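Tertiary structure, described
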Amino acid sequence: MRRLFLAVSTLALLAAGCRSAPQPTPEPNQAPAPEAPATPAADPEAFRDQPPTAGPSPELVLPRFEQAVLDNGLTVLVSTRKELPLVYVGTAFAAGSASDPQGKWGLADLTYKTMLEGAAGKDTLALDQAFQNLGVSPSLGVSSDGAILGVRVLQRNTEAALALLTQVVRQPTFAPKDFERRQKLQLAELVRALGSPGFLAQRTFLDVVFGAAHPYGHPTNGLPETVGSVTVRDVKAFYEKNVGPRTTALVMTGDITLEQAVALAKKSFGDWKSKAVLPPVPPAPPTPARGQVVFVPKAGLDQTIVIMGRPGVAAGHGDESALDLATTVFGGFFGSRLNMNLREDKGYSYGANSGSDARLGVGPLTASSSVRADVTGAAVTEFVNELKGLRERPITPRELEPAREGLIRAFPGSFESVEGLGASASELFLRRRPLDEYARTVAGLEKATPAEVQRVAEAYLSPDAMQIVLVGDPEVIQQQVGPLGLGKLVAREPAKTPAPKP
Amino acid sequence: MKAFIAATALALGLPAFAQQHEAKPPRPGREALTIPYEKYALPNGLEVLLARDPKLPVVAVNVWYHVGAYDEQPGRTGFAHLFEHMMFQGSKHVPDDVHIALLEQLGGTDLNGTTNFDRTNYFETVPSNQLATALWLESDRMGFLLDALDEKKLRTQQEVVKNERRQGVETRPYGIAQEKFWQTLFPAPHPYHGKVIGSMADLDAATVEDVKAFFRKWYAPANATLAVVGDFEPQQARALIEKYFATLPSNPKPTRPEVAPVKLTEEKLVRHDEKIGTLPLVIMGWHTPPYLSEGDAIADVLGNVLGTGKSSRLYQRLVVDKGLAQSVSASQQSLGAQSVFTVEAVARPGVSSDALVKELDAVLEEMRRTGPTPAEINQARTRFETQMLAGLQSVGGFGGKADTLQSYNHHQGDPGFLVRDLERYDAVTPERVRDFARDMLKPTERVVLHAVPSPTSPSPAPSKEKP
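Residues numbered from 1 in each chain as written. Chains lettered and ligands numbered in written order. Predicted model: local features only at pLDDT ≥ 70, side-chain atom pairs only at ≥ 80, totals over all residues. Heavy atoms only, no water.

The name given to chain B in an unreviewed UniProt entry is Peptidase M16, with Cystobacter ferrugineus as the source organism.

Per an unreviewed UniProt entry, the recorded name for chain A is Peptidase M16, and the organism is Cystobacter ferrugineus.

Re unusual backbone geometry
Put simply, the test is: A run of DSSP states H or I qualifies as a helix once it reaches four residues; a run of E qualifies as a strand once it reaches two. Both are numbered from the N-terminal end. Buried residues are those whose accessible area, probed at 1.4 Å on protein chains only, stays under 20% of the maximum for their type, while exposed residues exceed 50% and partly exposed ones sit between those limits.
The peptide bond linking Ala188 of chain B to Pro189 of chain B adopts the cis configuration, its omega dihedral lying at 5°. Within the secondary structure, Pro189 of chain B sits in the loop between helix H6 (175–185) and helix H7 (200–205). At Phe174 of chain A, a residue that is not glycine, the phi angle is positive and equals roughly 50°. The topology assignment puts Phe174 of chain A in the loop between helix H3 (158–170) and helix H4 (176–193). The buried category is assigned to Phe174 of chain A, whose relative accessible area is 6%. Notably, Arg432 of chain A is not glycine yet its phi reads approximately 55°, a positive angle. Look at Arg432 of chain A and you get partly exposed, because its relative accessible area is 31%.

So, the packing of helix H12 (residues 397–409) of chain A against helix H14 (residues 437–447) of chain A
Residue and element names in this part refer to chain A. Note the threshold: Fitting a line to C-alpha atoms yields each axis, with helices limited to the stretch in contact; the angle taken between N-to-C directions then spans 0 to 180 degrees. In this scheme, roughly parallel covers angles under 35 degrees and roughly antiparallel covers those over 145, while 65 to 115 is roughly perpendicular and the rest are oblique. Throughout, a residue-residue contact means that at least one pair of heavy atoms, one from each residue, lies within 4.5 Å. For this classification, the nonpolar set comprises Ala, Val, Leu, Ile, Met, Phe, Trp, Tyr, Cys and Pro, the charged set comprises Asp, Glu, Lys and Arg, and every other residue, Gly included, is treated as polar.
Running from N to C, H12 and H14 cross one another at 170°; their axes reach a closest spacing of 10 Å. Overall, the two elements H12 and H14 adopt an arrangement that is roughly antiparallel. Mapping the contact onto sequence places Arg404, Leu407 and Ile408 in H12 and Val442, Leu445, Glu446 and Lys447 in H14. Among the residues forming the contact of H12 with H14, the class breakdown is 4 nonpolar, no polar and 3 charged.

Section: the UniProt feature "domain: Peptidase M16 C-terminal" (unreviewed entry) in chain B
Going by this rule: UniProt positions are given in the numbering used here, feature names are shortened, and annotations may be inferred rather than shown by experiment.
Following the UniProt record, one finds the feature "domain: Peptidase M16 C-terminal" (unreviewed entry) at residues 206–383 of chain B. For residues 206–383 of chain B, the helix share is 40%, the strand share is 22%, and the end-to-end C-alpha distance is 43 Å.

Some words on the interface of chain A and chain B
Applicable threshold: Accessible area that two parts lose when put together, with a 1.4 Å probe and added across both, is what the buried area reports. We define a salt bridge as a contact between a side-chain nitrogen of Lys or Arg and a carboxyl oxygen of Asp or Glu at a distance within 4 Å. We define a polar contact as two N or O atoms separated by no more than 3.5 Å, with the added condition that, inside protein, one atom must be a possible hydrogen donor and the other a possible acceptor, whereas residues neighbouring each other in sequence contribute only through side-chain atom pairs.
At the interface, 102 residues of chain A touch 96 residues of chain B. Across the interface of chain A and chain B, roughly 8500 Å² is buried in total on both sides, 57% from carbon and sulfur atoms. Linking chain A with chain B are 2 salt bridges. There are 36 residue pairs in polar contact (both at pLDDT 80 or more) connecting chain A and chain B. A per-element tally of the side of chain A that touches chain B places H4 of chain A first, with 10 residues. Taken together, the residues that form the side of chain A that touches chain B break down as 47 nonpolar, 27 polar and 28 charged.

A closer look at the environment of Gly68 of chain B
Examined against the element boundaries, Gly68 of chain B turns out to sit in the loop between strand E4 (58–65) and helix H2 (79–86). The residues contacting Gly68 of chain B, other than those within four sequence positions of it, are Ala80, Asn116, Phe117, Asp118, Arg119, Thr120 and Arg256 of chain B.

Some points on the UniProt feature "domain: Peptidase M16 N-terminal" (unreviewed entry) in chain A
Cross-referencing UniProt, the feature "domain: Peptidase M16 N-terminal" (unreviewed entry) maps to residues 83–185 of chain A in the present numbering. Taken end to end, residues 83–185 of chain A is 41% helix and 21% strand, and its first and last C-alpha atoms sit 40 Å apart.

As for the domain arrangement of chain A
All names here are of chain A. So the rule is basically this: Each domain's limits were defined by an automated method or a database of domain assignments.
Assigned domains within chain A: domain 1 (66–269) and domain 2 (292–410 + 435–491). Listed by partner, the interface residues are 18 residues for domain 1 and 23 residues for domain 2. Summing both sides of the interface, domain 1 and domain 2 together bury roughly 1500 Å²; the carbon and sulfur share of this comes to 80%. The tally of links between domain 1 and domain 2 comes to 0 salt bridges. Counting across the domain 1 and domain 2 interface gives 4 residue pairs in polar contact (both at pLDDT 80 or more). When contributions to the side of domain 1 that touches domain 2 are tallied by element, the ones reaching two or more residues are strand E1 (66–69) and helix H5 (197–210).

Thoughts on the layout of surface pockets
Inclusion rule: Using a grid of 1 Å spacing that covers the protein atoms alone, one calls a set of points a cavity when a 1.4 Å probe fits there but cannot get out, and a pocket when the set is open and has protein on both sides within 12 Å along at least five of seven lines; lining residues are those with an atom within 4 Å of a point. Grid points are joined across faces, edges and corners, and a volume is the space filled by probe spheres set on the points.
Here the largest pocket is characterised by a volume of approximately 690 Å³. The wall of the largest pocket is formed by 24 residues, among which Gly335, Arg398 and Glu399 of chain A together with Ala101 and Gln105 of chain B lie closest to the centre. Elements represented by at least two residues in the lining of the largest pocket include exactly helix H9 (320–332), helix H10 (337–345) and H12 of chain A together with helix H3 (99–105) of chain B.

Thoughts on the sheet that holds strand E8 (residues 303–311) of chain A
All names here are of chain A. Heads up, the rule is: Any two strands with at least two DSSP bridges between them are considered paired.
The strand order across the open sheet built from 6 strands is E9-E10-E8-E11-E7-E12, with neighbouring strands paired in mixed fashion. This sheet does not close on itself; its edge strands, each paired only once, are strand E9 (349–356) and strand E12 (488–491). Direction aside, the axes of adjacent strands within the sheet are offset by 20° on average. Sheet analysis places E8 next to strand E11 (residues 467–472), joined by 5 bridges and oriented antiparallel. When the bridges of E11 are listed, Ile305 appears paired with Val471.

Observations concerning the pattern of salt bridges
In total, this model carries 63 salt bridges over all chains according to the counting rule given. Between Lys39 of chain B and Glu47 of chain B there is a salt bridge, and its shortest N-O distance comes to 3.5 Å. Taken as a pair, Lys39 of chain B and Glu47 of chain B share a single burial class, namely buried. Bridged by salt links that share partners, the residues Glu117, Asp178, Arg181 and Arg182 of chain A together with Lys310 of chain B form one connected network.

Points about the side chain of Ser417 of chain A
Relative to the helices and strands, Ser417 of chain A is located in the loop between H12 and helix H13 (418–430). Within the structure, the side chain of Ser417 of chain A is placed 2.9 Å from the backbone nitrogen of Gly420 of chain A, a separation counted as a polar contact. Excluding residues that lie within four positions of it along the chain, Ser417 of chain A makes contacts with Arg81 of chain A together with Gln393 of chain B.

Quick word on the domain arrangement of chain B
All names here are of chain B. On domain assignment, one finds that chain B holds domain 1 (20–245) and domain 2 (268–453). Taking only C-alpha atoms, the centre of domain 1 and the centre of domain 2 are 27 Å apart. Taken together, the 54 residues of domain 1 in the interface contact 54 residues of domain 2. Contact with domain 2 buries area across many residues of domain 1, yet Leu33, Tyr174 and Phe181 alone supply 18% of it, more than any other trio. Between the two partners, domain 1 and domain 2, sit 4 salt bridges. Arg30 serves as the salt-bridge partner of Asp426, at 3.0 Å between the closest nitrogen and oxygen. Counting every contact that joins domain 1 to domain 2 gives 21 residue pairs in polar contact (both at pLDDT 80 or more). Going through the elements one at a time, strand E3 (47–52), E4, strand E5 (109–115), strand E6 (120–127), H6 and strand E7 (224–230) are the ones with two or more residues in the side of domain 1 that touches domain 2.

Put into structure tokens, the structure is as follows:
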């Protein structure tokens, strides 16, 4: 869970900044000025030769999350920070796209979006106007494990924002007209997404790794066929079944205390009743050996998207910290093996990365990049070689210890904003983790032994069990990837819905 | 460009002196929007901005070089950005594999370098005990980049940047269309012609000599501003800055090119055959006043009224009422030399881009006639105030405190301009927005681009869309 609310996207293809290929360490001292003194000992710039020695590390400051539960089961999550008069007011809902029924993929997403189309007698425009008056638009994020809906407002607008959110959560209108408009938007959005090579890759990857029948095996926003089949009755039924005090957390962070939040929560949600209960934890999918290489043909595409992956771990799994360390060394940092090879040594890509997305259930473990089309075969070979390399060239202390230090020391910098705190609190609720999860994560990273990290690297990142998905020019892929012997090449046409797996 | 005159006056080799700035007091209720800071210059001309914020044990180091794609030579488009990549490739005392890796390994966050038309910046947020390391890294590439430069590094980064371009332009929906749009708005040799990332041909043509000349001219301490924001001890920070930056030799501050503003005298229509995107797109654009100058804030408010939220004018008409558009947006893209106001809409399947233009024009015409309501203006103001305050939550990164100080310093010579920036929005009235729409967004002085997916494109059509 180290990545907090910025959970690794399976397609986080963009790398940061820039770096260079290996080269010997610098030459001996030399003063920068043209008239350097003749005696090297007198070089006043010699201090530049070595990195400065850092002082003692500051105490690790992690945010404090507090929680209360109302009589009706509603969770109230708070993290207080008072430097600026800002408050994040949000709700986390425990049912996400993993709760979509078969054939109705996209239902969760469509339900939450339709909630924002009208509530408590306000139509779409009036509801939006009310948020606009507070200087905000509500943000909604739906993922496989749930949904997060919230706004960041000036402290003086806290109660007004909560009043609006309460209406959206408790009294959605679900008017047929609003639903149909939203559904049409969703369908057109899918048409737009199907033009994006990244979306095609992600969608195909989920199907190949989890299988269409698995709760994590489809995109959150569904597919044209499945979204088209959803009715307003489905949406109402999803809401009735899944949204209620026992499946919802009110999340407030920033310039607010737990006492204040609980008082507000009682007023807004104290009398809320519903039969909704938490959805089941998605089962762990099997991890079969790779038998094929699946590709989505996009004729003439200048780059090929490469995703390799498999099921990883669930949040809280005993291997989570060691796996985070292993994937960081492999592809999680800019200076990782995969990125240094593909980008800085070969110049094949703008960036390559890898990470484990530990969800409520077992989430995906991925390595991905977008590479120049004409080096597709060579790049896939490098991916496989780097995966094999984890066994052949075990992770050294020089790789592991900086990764460990880097991950741990980056925590305080990740908790600067009230909306970031709100998203992190929401993730704790959606993944059903304890309030001290971040301290546990840090402890786990501190304790993972080199032997454990090497064990999980070999166990989870073996190339034989990594499924491979490519999006690119079909001729290039046939010619360059076919001969690599990685499995039978199987084309998936982008417009078609993947058939359910046997 | 009075910003640069002010900055130059500070950089004339005077002994380091500090200006304790008493920013103009904000109006009641906005006290949190001031950033107390100190500004001084080293004898070599490097400007320094210091702002303490001990909320978390982290410190942001942020360097702006006052050079962007605007300052490139013809035939060398994309050079400022390509050069930015070279700044991560190692320098005399920092081995090639070290810059980013070292920052990652000590827990750095918000770590990157970016180039736009007007400037180039480099930033990282590090644990507070690592300030010296961040300064060491930044100072070494400012002073000693060329000692470690070679042909192979340049060749590799040319390939990396070409991949970045393919990822962001050639294989991204509407990437090429947007480039054509900018090229039409700013005909060559205007320095805003095309994309900051440049053309493939120009990227290939760059030489090591170009890199050297660019560094010597633009990357001098006198053409840079260092901001340190966060949990630091002021005296110690000043001593460290002195140690790492004061002996770096400098060239005089370079003069930026004088470029005459572009003015359109007719409507320019571009029809683009879209290969990646699957739905028709329309972009309209007008030249508008530069960032922070008269009219710029009005344009921001207008963009908000037209395109932000479901109840905005464009969304309401094109998406909610008529169901013709999939998405709409309107915004002022504020730039140093000349800004651009754009209105964009993506069509629903089966809707033509011409139908969108007709509806967009109807909304714009209404705005030119009657202007926005006072309520719409107030909503926009509250939104901007909330956003500005929210930006101050982070010490570094995109839009954080260090970036805010730098941006105002770069464009206005006044790092503490935030309160006055908000006053620009306070002064916006419905009449001024209406007049702006009428006078600046004329239908006869604009570029309109249609990106229409080609029927032969491999992209899919919806299989079962409901009528």
